[in-house]
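Coordinate inspection notes
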Amino acid sequence: MAIALMTAAAGAPAAVSPEARISASATPAELTIGARLVVGGVATIGGRGAAGVALALQSEAYPFRGFSTVAHLASAQDGSFSFRGVTVERNSRLRVVEEGASAASSRDLRVVVDPAVAINARRLRPGATRLSVRIRHAVEGGSPSSSALWFTAARGTRLFRLAAITPTRELAPGVSYASAVIDPPARRFAYRVCLNPAWERAMGPPAAHGPCPEHDFKLPAHER
Amino acid sequence: MSAERITRRRVAAALTAALAAIAASGPASVSAFEYGGQGRGTPVAVYPSHEAIAAAARFLDTRAGRGSFAIVDSAGRLAGLRVREHFATASIVKVMMLVAYLQMLEGRHRGLEAADTSLLYPMIHESSNNAASAVLAIVGGGAIARVAGESGMTDYAPGVGWWAFTQTSAADQARLLSALPRLIPARFYAYARYLMSGIEASQSWGVPPVARPRWRVFFKTGWLPEEGVFTEVARLERGGVTFTIAVLTSGQPSTSYGEQTIEGVGARLLARAP
């Protein structure tokens, strides 16, 4: 996992304090791969902001096998701190801990990372439109090819028919591509592409970790 | 061209509700990485046409013996004549063996090795029965049944005494050919297409002579001369159009007659091709 910091709060490290408490939040809690987030909060001792507390930002990326320190700073005069420009490339848990012997730690902050996706439809000739999807995602060893399922529906209808199943291929580590040439169901149509890739569980919310539909499906009216 | 990322939680709920609302079978829960957009294009008519299917049915009804055919058309719909009637597969069951074998390799995280191609190639290219028996011994009958299930077959029954007597229907076989991209592991799909498009000339009767060169044809033929069984499955692709054909016959009075029966069905289905 790559972590980068752009700025850090100023301040000198303070003596270890067993009473320190750290509250922190990550903003945003869900972001697209490549985007940056901020982990901010406040360190307090006895209910008051504690200046100069030496803090470390720790991260544990999927598959969550242990935290490692990725950045350091000291709390500001009012106890606040802000780790800026943090980038994560897969679902992660973050926490802010006081450096030294103290066990003071913020709660774990869950960050969901979504792939960056570009899709396109290009009319080739009568009866042939090329659909394509390019996805930047977490690097997962080898990233074996998976299947992309393409569904199409004539505009204004809710019945999506399975139009093609094509393999994905990795253009570069962490960048996958799939395309399909389909016979468009109408001059104007909607399409969907669904994937269950190898990196699936490393990214996205739990709701994204299920099987693609293998058959035609119909959306309820409110989803038109 | 607009593009939209579908909010997956929303999709999960929508698709689950949708699948619950329709009779089609589907996964218990539907949620995945799914993205959508709007496209434009010029649709072509569904292929083969109703007229072509009707002409093929009329022709088959004039032929001696029993016969059936099924197509999964370019829109994914099943049609044909006596599509659920049971026949012996003869050698077209080797396509199921091929799928099962490639799935086995995938399950074992293995690539294709010389020992594999030395069985698969003759089994498809020259329809070697010895190679087919060897493949079946390796994958086991359960793997063939699993392929039948995965492809949505409803009329499959294992052969009694010999694999060539496997029971099937034209509907099952047309569905199988339609589902090949889904059934065959992605990394082996090109190899399977290579095998099924490069069958030797003596085995390339029926559909290929009337479809080539306009269509790319992926196919397998089968025959049991003593029973007059002639069978063929084919997947035809051209531009953005794909459809599959299965023709099953028995009681054909001669080899040439049986081959001409299947060729006649194919020719009528391919008439007025796009």
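Residues numbered from 1 in each chain as written. Chains lettered and ligands numbered in written order. Predicted model: local features only at pLDDT ≥ 70, side-chain atom pairs only at ≥ 80, totals over all residues.

**A few points about the overall build of chain B**
Along its length, chain B carries 10 helices and nine strands. Burial statistics for chain B: of 274 residues in total, 50% are counted as buried. Sequence separation of at least 24 residues holds for 67% of the intrachain contacts in chain B that already meet a minimum separation of 6. (Helix = DSSP H or I, 4+ residues; strand = E, 2+ residues; numbered from the N terminus. Buried ≥ 20, exposed ≤ 12 C-beta atoms within 10 Å, placed from the backbone. Contact = placed C-beta atoms within 7 Å.)

**With respect to the overall build of chain A**
When its secondary structure is counted, chain A shows zero helices and 17 strands. Out of the 224 residues belonging to chain A, those deemed buried represent 42%. Long-range contacts, defined here as pairs at least 24 residues apart, represent 67% of the contacts in chain A between residues at least 6 apart.

**Things to note about helix α7 (residues 170-183) of chain B**
For an α-helix, 3.6 residues make a turn, and residues three or four places apart therefore share a direction. Residues and elements named next belong to chain B. Between its first and last C-alpha atoms α7 spans 18 Å; for 14 residues at 1.5 Å apiece the expected length is 20 Å, and the two agree. In terms of burial, α7 is a largely internal element, 12 of the 14 residues being buried. By the burial criterion, the buried members of α7 are Ala170, Ala171, Asp172, Gln173, Ala174, Arg175, Leu176, Leu177, Ser178, Ala179, Leu180 and Leu183. (Expected span 1.5 Å × (residues − 1).)

**Section: the nonpolar core**
Phe69, Met96, Met97, Leu98, Ile245 and Ala246 of chain B are the most contacted members of the largest nonpolar core, which totals 77 residues. Per-element accounting of this core gives the leading share, nine residues, to helix α3 (residues 93-107) of chain B. Not counting the four nearest positions on each side in its chain, Ile245 of chain B is found in contact with Phe69, Ile71, Ala174, Val207, Ala234, Leu236, Gly266 and Leu269 of chain B. With 33 residues, the next largest nonpolar core counts Ile135, Cys194 and Cys212 of chain A together with Ala32 of chain B among its residues. (Core = buried A, V, L, I, M, F, W, Y, C linked by C-beta atoms within 7 Å.)

**Observations concerning the confidence of the model for chain B**
Residue and element names in this part refer to chain B. Mean pLDDT for chain B: 88, with 87% of residues reaching 70 or above. Here residues 1-5 is a poorly scored stretch, pLDDT under 50, and it has 15 contacts once near neighbours within four places are set aside; other chains count. Contacts from residues 7-30, a stretch scored under 50 in pLDDT, to residues over four places away or in other chains number 50 contacts. For this predicted complex, the interface confidence reaches an ipTM of 0.79, while the overall pTM sits at 0.56. (pLDDT = per-residue confidence, 0-100.)

**Things to note about helix α4 (residues 114-125) of chain B**
Residue and element names in this part refer to chain B. Compared with an ideal rise of 1.5 Å per residue, which puts 12 residues at 16 Å, α4 spans 16 Å between its outermost C-alpha atoms and is within 8% of the ideal. Along α4, the positions that sit buried rather than exposed are Leu119, Leu120, Met123 and Ile124. Down the axis of α4, the smallest arc covering the buried residues is 110°, so these residues share one side. Along α4, exposed side chains directed more than 90 degrees from the buried face belong to Ala114, Thr117 and Ser118. Where α4 is buried, its residues meet α3, α5 (129-139), α8 (186-197) and β7 (216-224). Ser127 occupies a position one or two residues after α4 and carries a positive phi of about 60°. (Arc of directions from axis to C-beta.)

**With respect to the confidence of the model for chain A**
Averaged over chain A, the pLDDT score is 87; the fraction of residues at 70 or greater is 88%. Here residues 1-17 of chain A is a poorly scored stretch, pLDDT under 50, and it has 53 contacts once near neighbours within four places are set aside; other chains count.

**Topic: the environment of Asn130 of chain B**
Residues and elements named next belong to chain B. For Asn130, the position within the fold is in helix α5. For Asn130, a count of 10 C-beta atoms within 10 Å corresponds to the exposed category. Separated by 11 residues in the primary sequence, Asn130 and Leu119 place their C-alpha atoms 8.7 Å from one another.

**Details of the pairing of strand β9 (residues 241-250) of chain B**
The side chains of a regular strand alternate between the sheet's two faces. Residue and element names in this part refer to chain B. For β9, the buried fraction is high: 10 of the 10 residues fall into the buried class. With burial as the criterion, each face of β9 is covered, one bearing Val241, Phe243, Ile245, Val247 and Thr249 and the other bearing Thr242, Thr244, Ala246, Leu248 and Ser250. Strand direction decides the pairing type here: strand β3 (residues 66-72) and β9, joined by seven bridges, are antiparallel. Pairing of Ala70 across the sheet is with Ala246, part of β9. Two elements, strand β8 (residues 229-238) and β9, share nine bridges in a ladder whose sense is antiparallel. By the bridge assignment, Ala234 is partnered in β9 with Ile245. (Pairing = 2+ DSSP bridges.)

**Side note on the pairing of β8 of chain B**
Residue and element names in this part refer to chain B. Counting buried residues along β8, eight of its 10 residues qualify, which places the element largely inside the surrounding structure. Across nine bridges, β7 lies against β8 in antiparallel orientation. When the sheet's bridge partners are listed, Phe218 is paired in β8 with Arg235. Between β7 and the antiparallel strand that follows it, β8, lie four residues; Gly228 among them carries a positive phi value of about 65°.

**Structural notes on the environment of Gly142 of chain B**
Here Gly142 of chain B is to be found in helix α6 (residues 141-150). Considered as a pair, Gly142 of chain B and Ala100 of chain B are 42 residues apart in the sequence and their alpha carbons are 9.4 Å apart.

**So, the sheet that holds strand β14 (residues 169-172) of chain A**
In any sheet, the strands associate via hydrogen bonds between backbone groups, in a parallel or an antiparallel arrangement. All names here are of chain A. Pairing in this open sheet of four strands is antiparallel, and the strands run β10-β11-β15-β14 from one edge to the other. Single-partner strands in this sheet number two, and they are β10 (116-125) and β14. With direction set aside, neighbouring strand axes in the sheet form an average angle of 25°. Relative to strand β15 (residues 175-182), β14 runs antiparallel, the two sharing three bridges. (Axes fitted to C-alpha atoms, helices over the stretch in contact; angles between N-to-C directions.)

**Structural notes on the sheet that holds strand β4 (residues 78-81) of chain B**
All names here are of chain B. Strand order in this open sheet of five strands is β4-β3-β9-β8-β7, and the pairing throughout is antiparallel. One side of each edge strand has no neighbouring strand; the edge strands of this open sheet are β4 and β7. Across this sheet, the average inter-strand angle for adjacent strands is 10°, counted without regard to direction.

**Focus: unusual backbone geometry**
Note the cis peptide between Tyr62 of chain A and Pro63 of chain A, where omega equals 10°. Tracing the backbone through its elements, the reader meets Pro63 of chain A in the loop between β5 (54-61) and β6 (68-74). In this structure, the amide linkage connecting Arg212 of chain B to the following residue, Pro213 of chain B, adopts the cis form with an omega of 5°. Tracing the sequence through the fold places Pro213 of chain B in the loop between α9 (207-211) and β7. Not every positive phi belongs to a glycine, and Phe64 of chain A is a case in point at roughly 60°. Within the secondary structure layout, Phe64 of chain A lies in the loop between β5 and β6. Phe64 of chain A gets classed as exposed once you count the C-beta atoms within 10 Å, which come to 11. The residue Arg82 of chain B is not glycine, and still its phi comes out positive at about 50°.

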